[in-house]
Amino acid sequence: EIVLTQSPATLSVSPGERVTLSCRASQSVGGDVAWYQHKSGQSPRLLIYGASTRATGIPARFGGSGSGTEFTLTISSLQSEDFAVYYCQEYINWPVFTFGPGTTVDLK
Amino acid sequence: EVQLSESGGGMVQPGGSLRLSCTASGFIFRSYAMSWVRQAPGKGLEWVAAVAGGGSLTYYADSVKGRFTISRDNSMNTVSLQLNSLRVEDAAIYYCTRSGGVPFDYWGQGTLVTVSS
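So, here is what we can say about the structure in this document. Everything numeric in this text was worked out from a predicted model, so none of it was measured.

**Let's talk about the sheet that holds strand β3 (residues 19–25) of chain A**
All names here are of chain A.
Part 1 of the argument: Ordered in space as β1-β3-β8-β7, the four strands form an open sheet in which the pairing is antiparallel. Pairing within the sheet leaves two strands with one partner each, and these edge strands are β1 (4–7) and β7 (62–67). Put simply, the sheet's adjacent strands are angled 15° from each other on average, direction ignored.
Part 2 of the argument: Of the pairings in the sheet, the one linking β3 to strand β8 (residues 70–75) comprises six bridges and is antiparallel in character. Each residue of the ladder has a partner; that of Ser-22, found in β8, is Thr-72.

**Focus: the pattern of salt bridges**
Part 1 of the argument: With the rule as written, the count across this model stands at nine salt bridges over all chains.
Part 2 of the argument: In this structure, Glu70(A) and Arg24(A) form a salt bridge, with 2.5 Å as the shortest nitrogen-oxygen distance. Here the residue Glu70(A) occupies a position in strand β8, and Arg24(A) occupies one in strand β3, the gap between them amounting to 46 residues.
Part 3 of the argument: Looking at Glu70(A), the relative accessible area reads 39%, which means it is partly exposed.
Part 4 of the argument: Several salt bridges share partner residues, and in doing so they unite Arg38(B), Glu46(B), Arg67(B) and Asp90(B) into one network.

**Thoughts on the nonpolar core**
Part 1 of the argument: By size, the foremost hydrophobic cluster in this structure holds 39 residues, and its most contacted members are Trp35(A), Leu47(A), Tyr86(A), Phe99(A), Trp47(B), Phe104(B) and Trp107(B).
Part 2 of the argument: Secondary-structure elements contributing two or more residues to this core are β3, β4 (33–38), β5 (45–49), β8, β9 (84–93) and β10 (96–99) of chain A together with β5 (45–51) and β10 (103–107) of chain B.
Part 3 of the argument: For this core, the leading source of residues is β9(A), giving five residues.
Part 4 of the argument: Ranked by size, the runner-up nonpolar core spans 29 residues in total, among them Leu18(B), Met34(B), Val51(B) and Phe68(B).

**Thoughts on unusual backbone geometry**
Part 1 of the argument: With an omega dihedral of -10°, the bond running from Ser7(A) to Pro8(A) counts as a cis peptide bond.
Part 2 of the argument: Tracing the chain through its elements places Pro8(A) in the loop between β1 and β2 (10–13).
Part 3 of the argument: The linkage connecting Trp94(A) with the following residue, Pro95(A), adopts the cis geometry, with an omega of 5°.
Part 4 of the argument: Relative to the helices and strands, Pro95(A) resides in the loop between β9 and β10.
Part 5 of the argument: One non-glycine residue, Ser85(B), lies in positive phi territory at about 50°.

**Some thoughts on the environment of Lys39(A)**
Residue and element names in this part refer to chain A.
Part 1 of the argument: Considering the arrangement of structural elements, one finds Lys-39 in the loop between β4 and β5.
Part 2 of the argument: Sequence separation between Lys-39 and Glu-81 is 42 residues, and the spatial gap between their C-alpha atoms is 9.4 Å.
Part 3 of the argument: Setting aside residues no more than four positions away along its own chain, Lys-39 makes contact with Glu-81, Phe-83 and Ala-84.
Part 4 of the argument: For Lys-39, the side chain forms a polar contact with the main-chain oxygen of Glu-81, separated by 2.6 Å.

**Things to note about the packing of aromatic side chains**
Residues and elements named next belong to chain B.
Part 1 of the argument: Taken as a whole and assessed by the stated rule, the structure comprises 12 aromatic pairs over all chains.
Part 2 of the argument: Judged by centre distance (5.8 Å) and plane angle (80°), the ring pair of Tyr-95 and Trp-107 falls under edge-to-face. Of this pair, Tyr-95 sits in strand β9 (residues 92–99) while Trp-107 sits in strand β10, and the two are 12 residues apart along the sequence. One exposure class covers both Tyr-95 and Trp-107, and it is buried.
Part 3 of the argument: It is Arg-72 that lies over the ring of Phe-29; its NZ or CZ is 4.2 Å from the centre.
Part 4 of the argument: A cation sits over an aromatic face here: Arg-98 above Phe-27, 4.8 Å from the ring centre.

Definitions and cut-offs
Residues numbered from 1 in each chain as written. Chains lettered and ligands numbered in written order. Predicted model: local features only at pLDDT ≥ 70, side-chain atom pairs only at ≥ 80, totals over all residues. Heavy atoms only, no water. Pairing = 2+ DSSP bridges. Helix = DSSP H or I, 4+ residues; strand = E, 2+ residues; numbered from the N terminus. Axes fitted to C-alpha atoms, helices over the stretch in contact; angles between N-to-C directions. Salt bridge = Lys/Arg side-chain N within 4 Å of Asp/Glu carboxyl O. Buried < 20%, exposed > 50% of the residue type's maximum accessible area, 1.4 Å probe, protein only. Core = buried A, V, L, I, M, F, W, Y, C linked by side-chain atoms within 4.5 Å. Contact = heavy atoms within 4.5 Å. Polar contact = N/O pair within 3.5 Å; in protein donor to acceptor, adjacent residues only side chain to side chain. Phe/Tyr/Trp six-rings, centres within 6.5 Å; stacked < 30°, edge-to-face > 60°. Lys NZ or Arg CZ within 6 Å of the ring centre and 35° of its normal.

Keep in mind these values describe shape, not function.
Encoded structure:
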């Protein structure tokens, strides 16, 4: 069973700041990692797949990197609409999936 | 336009059953695996179950294996989740989502399942 760990659990930031979220897998998942944004009362939104490919319509300020067991989601300049919970997900054993516990990005 | 719409949520007692449905439109349904993902109150996202495009292959999270059954009807563009032997910890918003070459690119609005005596 693959376990994903995300850090930090909560990140308090101001608009305009650069944000870096981490996701670590308990074993190698290659590049099969996606990132989702989830706001309260809404459905989750796919941001990144294949570790670094932005999904359709996702702004360029969102970037993903990493491979193997270490992955990063970067928001280059946080906008007010970006306050949300961010989840990483591995899918190396498609269509079996695992989500990380999430990182909450809130207002400092 | 791709659309996924869930229905069937409600309140049920522990040990009870419920059947969730998801109706899809706007894409070639049989070409996509379909999954259910849930979020319990105050918790994160949890993948629950998936069914391959043809419908014959199904996959489950350990937490629901033996209690939940996923199925699909490609003639009706629907995917269902039968929830049996429900527990308090199964209470959640259940989302329907698709995966093709890209994981979970479209989601439904979710349907709420409450398990309480």
